[in-house]
Amino acid sequence: MNDFSELEDQLRKLRPARPSAELSTRIESALAGPETSPATAAVLRRERRFHFKWLPLGFGLAAATALVLFAFVRLQQQGARAPRTASTTPPPAISTAQLVPAGLTQVVYHTRDEGLRFRSNSEQPMRRLRSNTRETLQWRNPKTGATLRISYPREEVSLIPVSGQ
Amino acid sequence: MENVATDENWKICFSQLAPGLVLFARQWTRSAADAEDVVQEAFVKFWRRNHDIKNRGLLYATVRSVAIDLIRRDSRRERREATALSDSDQSVQPAFDFQDDSQRALVAALDLLPQEQREVLTLKIWNELTFAEIASALGISQNTAASRYRYALAALKKNLPST
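Structural notes, computed from the coordinates.

### Some words on the overall build of chain B
The helix and strand inventory of chain B stands at eight helices and one strand. Along the chain direction, N to C, the helices and strands of chain B fall in the order α-α-α-α-β-α-α-α-α. Counting every position in chain B, which comprises 163 residues, the buried fraction comes to 40%. Put simply, of all contacts in chain B between residues at least 6 apart along the chain, 59% involve residues at least 24 apart.

In structure tokens form, the structure reads like this:
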């Protein structure tokens, strides 16, 4: 039928060598046992060795670095905004130790005579005078020249004894 | 080999298939022991998955896959096998029981065949696979399998002193 029939017959006369009897036994035990890797005669499987996984470590380190950088930038930004928020707070109080009294001014701008009055435990009459005053206290810092001035109203009532002559 | 297809007892199946399977596995291994390891792993895998024993193409494809995995598993082994395959067959000798010198010369001529032709010849002659099954096992077309078979025979005929 073809030119190779004689050659094919020659090839078929070649008989492959029989495998070892042990192979059948090994397959039998492998099929009987749990589904694991088969026992081997010449090829021993390597034991699992610890392999350091660089890729996850790299990703982890990169993520940690990014997080630290982000936190750092956030802190920097908050620091840059700090003067704006600080401007809303009151300035620190000036130390009074650096100020020395520079003057006191009393201006009486109204006086009124309220007539004679008799005290309950005395027969001698007394004249009552009511005066309104504005007092101004002033301090000065000799080093900087800064001044502090406080002004407030004051009302004073005086009882003046009246002689009987 | 025909009764193998209907026999579900693995021992009977295996006893009839084993010589051809080991011979086929030796395409990728240097020693008979390595080839037997490949056949063991492949046959156990095939049998555990309850594949139909009639699907011989799948059985031989499993052997081929396990053999290639074995080569890749160990880099030293891979280098050794690659060297062996590229050295044109000196180390990948089919294991035959010789009866005379003419058979020895035939095996020597077989060793000179390219790998792709020799594996088709092995499946066709000593494992009695059809071209359809060979195509399934090797992942090639039937026409390619038939062509490689013819090329192999032609090369053998050319290399033999007298046929």
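### With respect to the overall build of chain A
The secondary structure content of chain A amounts to three helices and four strands. Reading the helices (α) and strands (β) of chain A from amino to carboxyl end gives α-β-α-α-β-β-β. The buried share of chain A, taken over its 165 residues, is 5%. Residue pairs in contact within chain A that sit at least 24 positions apart in sequence constitute 50% of those at least 6 positions apart.

### Considerations on the sheet that holds strand β2 (residues 100–118) of chain A
Residues and elements named next belong to chain A. Spatial strand order, β2-β3-β4: three strands in an open sheet with antiparallel pairing. Strand pairing shows two members of the sheet lacking a second neighbour, β2 and β4 (147–161), which therefore form its edges. If you compare each strand with its neighbour and ignore which way they point, the axes differ by 15° on average. Where strand β3 (residues 125–140) and β4 come together, 15 bridges link them in antiparallel fashion. Looking across to β4, one finds that Asn132 is bridged to Glu155.

### Details of the nonpolar core
In summary, soluble globular proteins display a tendency toward joint burial of nonpolar side chains. Residues and elements named next belong to chain B. One finds Leu21, Ala25, Val38, Val39, Val63, Ala67 and Ile134 to be the most contacted residues of the largest nonpolar core, which totals 47 residues. Ranked by residues supplied to this core, first place goes to helix α1 (residues 10–25) with eight residues. Contacts of Val63, omitting those with residues within four sequence positions, involve Leu21, Phe24, Ala25, Val38, Val39 and Ala42.

### Section: helix α3 (residues 56–73) of chain B
An α-helical turn contains 3.6 residues, so a residue and the one three or four places further along point in the same direction. Look at α3(B): 25 Å from first C-alpha to last across 18 residues, which is about the 26 Å you get at 1.5 Å a residue. Among the residues of α3(B), Arg56(B), Leu59(B), Tyr60(B), Thr62(B), Val63(B), Arg64(B), Val66(B), Ala67(B), Leu70(B) and Ile71(B) are the ones counted as buried.

### Overview of the pairing of β4(A)
Among the 15 residues that make up β4(A), zero are buried, leaving the element largely open to the surroundings. Hairpin connection from β3(A) to β4(A): six residues lie between these consecutive antiparallel strands, with Gly145(A) at a positive phi of about 85°.

### Details of the interface of chain B and chain A
On the side of chain A, 26 residues touch chain B, which itself brings 34 residues to the contact. For the side of chain B that touches chain A, the secondary-structure elements that each account for two or more residues are α1, α2 (32–48), β1 (96–97), α5 (101–111), α6 (115–126) and α8 (142–159) of chain B. In terms of residue class, the side of chain B that touches chain A is made up of 21 nonpolar, five polar and eight charged. Judged from the two bridges that link them, strand β1 (residues 15–16) of chain A and β1(B) form a sheet pairing that is antiparallel. The residue of β1(B) that forms the bridge with Arg15(A) is Asp97(B).

Criteria and cut-off values
- Residues numbered from 1 in each chain as written.
- Chains lettered and ligands numbered in written order.
- Predicted model: local features only at pLDDT ≥ 70, side-chain atom pairs only at ≥ 80, totals over all residues.
- Helix = DSSP H or I, 4+ residues; strand = E, 2+ residues; numbered from the N terminus.
- Buried ≥ 20, exposed ≤ 12 C-beta atoms within 10 Å, placed from the backbone.
- Contact = placed C-beta atoms within 7 Å.
- Pairing = 2+ DSSP bridges.
- Axes fitted to C-alpha atoms, helices over the stretch in contact; angles between N-to-C directions.
- Core = buried A, V, L, I, M, F, W, Y, C linked by C-beta atoms within 7 Å.
- Expected span 1.5 Å × (residues − 1).
- Nonpolar A, V, L, I, M, F, W, Y, C, P; charged D, E, K, R; others polar.

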